[in-house]
Amino acid sequence: MLLVISPAKNLDYETPATTSRFTQPQHLEHSSQLIQQLRTYSVQDIAELMKLSDKLSALNVARYESWSQPFNSDNAKQAVLAFNGDVYSGLNAQDFNEDELDFTQKHLRILSGLYGVLKPLDLMQPYRLEMGTKLANGRGQNLYAFWGDIVTDDLNLSLTEEEQPVLVNLASNEYFKSVKPKNLQGRMVTPVFKDWKNGQYKIISFFAKKARGLMCRYAIKNKITDAEQLKNFDLGGYQYDESLSKEDTWVYTRKEI
């Protein structure tokens, strides 16, 4: 079973890493091509391309300029510890022990506009490049064209190492569009998290993002490799709702927060 999540816009490079172990991203040759292109953009260009403030644009222009190889513990940080958004607050990888980090490294993947696919312990230098960015490049009009089959092939390689070739899609639509489901060499399960509001169950973005991280945490802490066991997920007050679920779209609901 392979869990797939999105990255986060917010990053934490101030808090010391909780492990000294790390690996290297597998697609740095492609990342380097994107960085070289982004270095030709001005602060104003980045602001317009990514709909950012001048301050954030300047920060990211500086990030592109300082991006360099080789990656080491002085200039980079493990991806699962560097990302700092809602999904990662639910995951809370900072308290994982070494055994749990081993499990995470084998069964979790992070999709990325700049890095393609990251393993949790892959070193990552700070960046901002969302997968949905319409960055025209030598391979097409956007990052989906740039990454082509690379992301899907990477996930398939990981699926071949799983006892059960099941991909659990906990990524956002923006990021999972970089994957070609028809080419996946395994079953795909998509959990959906809904909260009770105004008399009905609805997807509330903030809560759904955190729940995706919580499900990853649940799988890691319990060392789950059989996707069916995820139907027992109960963190944050969510429960599997068979009546709302269809085939491989599994719905989890909660009435009280």
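Below: a short report on this structure. Note that the structure is a prediction, hence the values are computed from the model and not measured. (Residues numbered from 1 in each chain as written. Predicted model: local features only at pLDDT ≥ 70, side-chain atom pairs only at ≥ 80, totals over all residues. Heavy atoms only, no water.)

## Regarding the side chain of S57
Quick reminder of the rule: Comment: elements are numbered from the N terminus, with helices defined as DSSP H or I runs of at least four residues and strands as E runs of at least two. To sort residues, take the accessible area from a 1.4 Å probe on protein chains only and compare it with the maximum for the residue type: under 20% means buried, over 50% means exposed, and anything in between is partly exposed. Pairs of N or O atoms are called polar contacts if they sit within 3.5 Å, as long as, within protein, a hydrogen donor faces a hydrogen acceptor (for residues adjacent in sequence, only side-chain-to-side-chain pairs). Between two residues, a contact is recorded if the distance between any of their heavy atoms is within 4.5 Å.
Tracing the sequence through the fold places S57 in helix α3 (residues 54–66). Classification of S57 by relative accessible area gives buried; the value is 0%. Polar contacts involving the side chain of S57 include one to the main-chain carbonyl oxygen of S53, which spans 2.8 Å. Among residues more than four places away in sequence, those in contact with S57 are V43, I46, A47 and L52.

## Some thoughts on the pattern of salt bridges
Heads up, the condition is: Just to be clear on terms, a salt bridge is a Lys or Arg side-chain nitrogen sitting within 4 Å of an Asp or Glu carboxyl oxygen.
In total, this model carries 13 salt bridges according to the counting rule given. Where R21 meets E98, a salt bridge forms, and the shortest distance between an N and an O atom there is 2.6 Å. Here the residue R21 occupies a position in the loop between β1 (2–5) and α1 (28–38), and E98 occupies one in helix α6 (residues 98–107), the gap between them amounting to 77 residues. A relative accessible area of 38% places E98 in the partly exposed class. For K221, the salt bridge goes to D95, with nearest N and O atoms at 4.0 Å. Of this pair, K221 sits in helix α10 (residues 205–221) while D95 sits in the loop between α5 (86–91) and α6, placing them 126 residues apart in sequence. Owing to a relative accessible area of 33%, K221 belongs among the partly exposed residues under this scheme. Each of D95, E100, R217 and K221 takes part in a single network of salt bridges with overlapping partners.

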